[in-house]
Every structure is written in C-alpha cells, then in structure tokens.
Amino acid sequence: MPQLSFHSPLGALTLSEEEGQIVSLDEGWGRDQSETPLLLKVRDMMQDYFDGEPVDFQSIPLMLDGTAYQKRVWAALRAIPHGQTRTYGNLAKTVGGSPQSIGQAVARNPLLILIPCHRVLPSHGRGHGDYSGFEGAESKTFLLGLEQEASSS
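Let us look at the structure shown here. (Residues numbered from 1 in each chain as written. Predicted model: local features only at pLDDT ≥ 70, side-chain atom pairs only at ≥ 80, totals over all residues. Heavy atoms only, no water.)

Quick look at the nonpolar core
To be explicit about the condition: Nine residue types can take part in a nonpolar core, namely buried Ala, Val, Leu, Ile, Met, Phe, Trp, Tyr and Cys, and a core is a set of them joined through side-chain atoms within 4.5 Å. Exposed residues in this analysis have more than 50% of their type's maximum accessible area, buried residues have under 20%, and partly exposed residues fall in between, with area computed by a 1.4 Å probe over protein chains only. Starting at the N terminus, helices and strands are each numbered in turn, a helix being any DSSP run of H or I of at least four residues and a strand any DSSP run of E of at least two. Between two residues, a contact is recorded if the distance between any of their heavy atoms is within 4.5 Å.
If you look at the biggest cluster of nonpolar residues, it comprises 39 residues, and the most contacted ones within it are L15, I22, M46, F50, F57, L77 and L114. Counting residues per element, the ones that place at least two in this core are β1 (3-8), β2 (11-18), β3 (21-27), α1 (37-50), α2 (68-78), α3 (88-95), α4 (99-107) and α5 (137-152). Considering every element that reaches this core, the biggest residue donor is α1, with 7 residues. Look past the residues within four positions of L15 in its chain and what remains in contact with it is P2, Q3, L4, F6, I22, S24, L25, L39, V42, R43, M46 and L114.

A look at the pattern of salt bridges
Applied cut-off: Whenever a carboxyl oxygen of Asp or Glu lies within 4 Å of a side-chain nitrogen of Lys or Arg, that contact is scored as a salt bridge.
Under the definition given, this model contains 3 salt bridges. Taking the shortest distance from any N to any O, the salt bridge between R43 and D44 comes out at 3.0 Å.

A look at the sheet that holds β2
Formally: DSSP calls a pair of strands paired once it identifies at least 2 bridges connecting them. Note on geometry: axes are lines fitted to C-alpha atoms, helical ones only across the stretch in contact, with angles between N-to-C directions running from 0 to 180 degrees.
Taken in spatial order, the 3 strands make up an open sheet running β1-β2-β3, and their pairing is antiparallel. The strands lining the two open edges of the sheet, one partner per strand, are β1 and β3. Adjacent strand axes in the sheet meet at a mean angle of 25° when their direction is disregarded. Strand direction decides the pairing type here: β1 and β2, joined by 6 bridges, are antiparallel. The partner of Q3 across the bridge, within β2, is S16.

Looking at the pairing of β2
Hairpin connection from β1 to β2: 2 residues lie between these consecutive antiparallel strands. With 6 bridges joining them, β2 and β3 adopt antiparallel strand pairing. Its bridge partner lying in β3, E18 is registered against Q21. Between β2 and β3, which pair antiparallel in sequence order, lie 2 residues; one of them, E19, sits at a positive phi of approximately 50°.

So, the packing of aromatic side chains
This is how the line gets drawn: Put simply, two rings from Phe, Tyr or Trp (the six-membered ring, in Trp's case) pair if the centres are within 6.5 Å, and we call them stacked under 30 degrees between planes, edge-to-face over 60, tilted for the rest.
Evaluation of the coordinates by the stated rule reveals 2 aromatic pairs. Plain terms: the ring middles of Y49 and F50 are 5.5 Å apart, the flat faces sit at 75° to each other, and that makes the pair edge-to-face. Its relative accessible area of 10% is what places F50 among the buried residues. On the numbers, 5.6 Å between centres and 55° between planes, the contact of Y49 with F57 is tilted. In this structure F57 comes out as buried when scored by relative accessible area, which is 5%. These aromatic residues form a ring-pair network of at least three members: Y49, F50 and F57.

Shown next, in the form of structure tokens:
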C-alpha cells in the first residue's frame, strides 16, 4: 500500500492509498514511502490547508469502511464548508438519527481533517467539544482557528 508522510503543525502525518483512493491519514511517520500522483496531490492540499489557505477536500477520492449510516454522516461532514461549523443536532436533522448517533459516527471518522469532524460542535455552546484525534480538544480548537483565520483573510 503506497504511503506518503509529511510534517504538519500537528506532528508527522502519513497518508495511505489503495486502489486510487485515500484509505487512511495516520499520526506518525510511515515505514514505507511512495510518491503517487494522488498522495502528492493530497499532501500538497494538506500543506496548503496548514498554511492557512481554504482548501476543499471534497474532490479527493476516499475509500471508507463503515456502516451505511456512518457513510451518510461522513458525507454530511464533507459538505460542511471550510470555516463553518454545524452542531450534532443540525446534522441529526439533516442525516437522520439523534445527536448521540451523529456523535458516535463522528467518533469513528477514519480520515480526520479530510472528513472535517472538527467542524461539529455541541449545541450547549460551552467550548468546542471533544475530538478523538491528535491532541484532542486542543487540536480541534487549533483546526477551527486555522479555518477562521483563512476565512477572514
């Protein structure tokens, strides 16, 4: 499986590709490195993103392993524009289910940032909520701040 690693403000990240689709974005440096056109494209898009440029990741082909419901939630996450957020309740109204079921699907997101689960906030308005990736809520706050800066530029 081709992999390509790169440095980011969140630490080393490794993209993996299978059958012309991105299958994972993992923390750490991958053992094997391959420069495929897709991996290079996605790496460059991610570097632009971390440089504060608004990037739309929807064009990236993803291979997702999940239930039909999880895939609907992940598709709804991908549709949230850069610099905007939604609540778990908003997504439940759009996708169906409850805010809790949305939260469970969001927590199983296999491709952080590319499927922007950091854009989902609790409706109670106290902070940004939990985040299962990187350094947790601190990373979520960083990503949201990065997008707010890019949107206001």
